[in-house]
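# Descriptive structure summary
Below are the chains, spelled out letter by letter.
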Amino acid sequence: MSYRHRIVRPLRHLPHGRVIQLSPPEILLFGFALLSGFGTLLLWLPISATTPLNWHEALFTATSAVTVTGLSVIKTADLTLFGQWVVLCLIQVGGLGFMTFAALTLILMGMRLPLYQRNLIKESLNHTSFNELMTLVRLVMVFALVAEAIGTLLLALNWVPRFGWSHGLWASLFHAVSAFNNAGFSLWPDSLSDFVASPLDNLVITGLFIVGGLGFVVIAELLEWRRTRRLTLHARIVLHATLWLSLGGMLAVLALEWRNPATLGGLDTLGAKLQAAWFQAVTPRTAGFNTLDTGALTDPTALLTMLLMFIGAGSGSTASGIKVTTFVVLLLVARAFIRGNAQPVAFSRAIPQETVIKAVAVALAGMLLIFTCLFLLTVTESGKPFLDLAFESVSAFGTVGLSRGVTADLSAGGQLTLIVTMLLGRVGPLSLGYLMSTQRDKGLRYARGSVQIG
């Protein structure tokens, strides 16, 4: 067997005849953990930061970058150019999925992917069919690079005159990649607060992370819409939910923060307030950037932000959370129950029972993970405000990156808790979906029993 064929076979055999049996989600989780460890070693090097990082700072930063979270215990500006490049590469690989990169490499080498590798890529993109899977992989790469390039050029129109060619272009590239991948890492300590009233910067950054959060399957459908004039039920739900959550969130932020002098109340013009409210409404969709002081938000706005972070964005996207489709399915189930309908319906299409079960499982697992994270933080970080700890827990689960300013003050145990939450938040919902889609019917039926609900 030639090397050309051996490198595409999974390493599953151990000495003495033992075999490693790993599901695709387990391999994805292992891959994210491996990338996180590799990034930790690079960030631990003296050349990565102006002041050398300790091991848990390097581990937290690398994990946050790989899982495209954006929570940070250090200032990205304190990293050297080498360290910032490490973070940028981790964001890109983590955002698009390391299996996508592996697939593209094999395709460029002229190799035909075996079923096992295609199954891994299918899970990393949350694609439900092998049909045209390789076309989707190519689309992911090309569209991402084009979107990031356009974002870089548009941001450079403002930032090059302001910061000069060298720093302006680097800042434009870094923030374009971070925005498209919904990472939320910024080169400035106050994120994008200095650009709260800049229309171009607000539109470019929000446009990048909204498009990146739609999901590549939806993007593929939109690109084909002129030819087909059709959208699947999944795409229609994602687009409608994204629009209404964004507009509803914006109106809520305007109402709740209008007189808050530390946020919208401190802005002079109506245009600045509208831009800031729009940004604050869409950034919890796992983007992580902020133009307002997150720690100064009123409690109702903080709770609303936590809900939006929990929901997240579209399936198969650079974002996390339980996903907007999960949230919509749960709402449809509640509506069907209240109206006495037999099954939930959206756009004149019935939602299958297995989809309902999957949505309930994903949402419940997400809530349990957040509760576990919050419980551990209240143990390790006694004395810190409960709302702040809850906010960080939801942000870590949704891989959002918004913070009320307590992440850097957490103990090593608290930071480790968030590290695990970020990894599980990135891979966990996908793993549940895989388990639900691969379960087998054993043909055994039990007698029905009655359970009182409500």
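See the structure above.
The shown structure was predicted, so the numbers you read here are calculated from the model rather than taken from an experiment.

Rules used throughout
- Residues numbered from 1 in each chain as written.
- Predicted model: local features only at pLDDT ≥ 70, side-chain atom pairs only at ≥ 80, totals over all residues.
- Heavy atoms only, no water.
- Helix = DSSP H or I, 4+ residues; strand = E, 2+ residues; numbered from the N terminus.
- Buried < 20%, exposed > 50% of the residue type's maximum accessible area, 1.4 Å probe, protein only.
- Polar contact = N/O pair within 3.5 Å; in protein donor to acceptor, adjacent residues only side chain to side chain.
- Contact = heavy atoms within 4.5 Å.
- Expected span 1.5 Å × (residues − 1).
- Salt bridge = Lys/Arg side-chain N within 4 Å of Asp/Glu carboxyl O.
- Phe/Tyr/Trp six-rings, centres within 6.5 Å; stacked < 30°, edge-to-face > 60°.
- 1 Å grid on protein atoms, 1.4 Å probe; cavity = no way out; pocket = protein on both sides within 12 Å on 5 of 7 lines; lining within 4 Å.
- Points joined across faces, edges and corners; volume = space filled by probe spheres on them.
- Nonpolar A, V, L, I, M, F, W, Y, C, P; charged D, E, K, R; others polar.
- Core = buried A, V, L, I, M, F, W, Y, C linked by side-chain atoms within 4.5 Å.
- Axes fitted to C-alpha atoms, helices over the stretch in contact; angles between N-to-C directions.
- Parallel < 35°, antiparallel > 145°, perpendicular 65-115°, else oblique.
- Left-handed = near helix turned anticlockwise from the far one by under 90°.
- Patch = residues over 30% accessible without salt bridge, like charges linked within 9 Å, V, L, I, M, F, W, Y side chains within 5 Å.
- Areas by Shrake-Rupley, 256 points an atom, 1.4 Å probe, with all protein chains shown as cover.

Our next topic: the side chain of Asn290. Residue position: Asn290 is located in the loop between helix H12 (270-282) and helix H13 (299-311). Looking at Asn290, the relative accessible area reads 15%, which means it is buried. A distance of 2.8 Å separates the side chain of Asn290 from the backbone oxygen of Leu292, its partner in a polar contact. Every residue in contact with Asn290, bar those within four places of it in the chain, is listed here: Asp190, Ser191, Leu192, Ser193, Phe279 and Leu402.

On to H12, then. For H12, spanning 13 residues, the distance from its first C-alpha to its last is 19 Å, which sits close to the expected 18 Å at 1.5 Å a residue. Those residues of H12 not exposed but buried are Ala272, Lys273, Gln275, Ala276, Ala277, Phe279, Gln280, Ala281 and Val282.

This brings us to unusual backbone geometry. The backbone of Lys323 sits at a positive phi, close to 90°, despite the residue not being glycine. Inspection of the secondary structure puts Lys323 in the loop between H13 and helix H14 (324-339). Notably, Phe347 is not glycine yet its phi reads approximately 50°, a positive angle.

One pass over the structure, following the stated rule, counts 3 salt bridges. Where Lys384 meets Glu381, a salt bridge forms, and the shortest distance between an N and an O atom there is 3.6 Å. For Asp388, the salt bridge goes to Arg404, with nearest N and O atoms at 2.6 Å. With Asp388 in helix H16 (residues 386-397) and Arg404 in the loop between H16 and helix H17 (412-438), this residue pair connects regions lying 16 residues apart in the sequence. Neither Asp388 nor Arg404 differs from the other in exposure class; each is buried.

This model, assessed by the stated rule, comprises 10 aromatic pairs. Here the aromatic rings of Trp159 and Trp188 are separated by 5.1 Å at their centres, their planes lie at 85°, and the arrangement is edge-to-face. Of the two residues, Trp159 sits in helix H7 (residues 133-163) while Trp188 sits in the loop between helix H8 (165-180) and helix H9 (199-212), which places them 29 residues apart along the sequence. Neither Trp159 nor Trp188 differs from the other in exposure class; each is buried.

The next subject is empty space enclosed by the protein. A complete count under the given rule lists 2 cavities of 30 Å³ or more for this structure. Approximately 50 Å³ is the volume found for the largest cavity. Lining the largest cavity are Phe209, Ile210, Gly213, Leu214, Thr242, Val282, Arg285 and Ala313. Per-class residue counts for the lining of the largest cavity are 5 nonpolar, 2 polar and 1 charged.

Val87, Ile91, Leu192, Ile205 and Leu418 are the most contacted members of the largest nonpolar core, which totals 94 residues. Examining the composition of this core, we find that 9 residues originate from one element, helix H15 (residues 353-380), more than from any other. Here Ile205 is in contact with Leu155, His175, Ala179, Leu192, Phe279 and Phe289, once residues within four sequence places are set aside. Counting 11 residues, the second-largest nonpolar core is a separate cluster that includes Met250, Leu264, Leu267 and Ala277.

Relative orientation of the contacting elements helix H4 (residues 81-96) and H8 amounts to 30°, with a least axis distance of 9 Å. Accordingly, the angle class assigned to the pair H4 and H8 is roughly parallel. For H4 against H8, the interelement crossing comes out left-handed. Listed contacts from H8 to Leu81, Gln84, Trp85, Val87, Leu88, Ile91, Gln92 and Leu96 of H4 are Trp170, Leu173, Phe174, Val177, Ser178 and Phe180. Split by residue class, the contact of H4 with H8 holds 11 nonpolar, 3 polar and no charged.

In this section: a nonpolar patch on the surface. Judged by side-chain polarity, Val142, Val146, Ile150, Leu154 and Leu157 come together as a nonpolar surface patch covering roughly 440 Å² of accessible area. Relative to the helices and strands, Val146 resides in helix H7. Taking relative accessible area as the criterion, Val146 reaches 43% and is therefore assigned partly exposed.

Attention now moves to the side chain of Asn182. Tracing the chain through its elements places Asn182 in the loop between H8 and H9. Given a relative accessible area of 0%, Asn182 falls into the buried group. Sequence-distant contacts of Asn182, that is, excluding residues within four places in its chain, are made with Val68, Phe209, Gly212, Gly213, Arg285, Thr286, Ala287, Thr318, Ala319 and Thr399.

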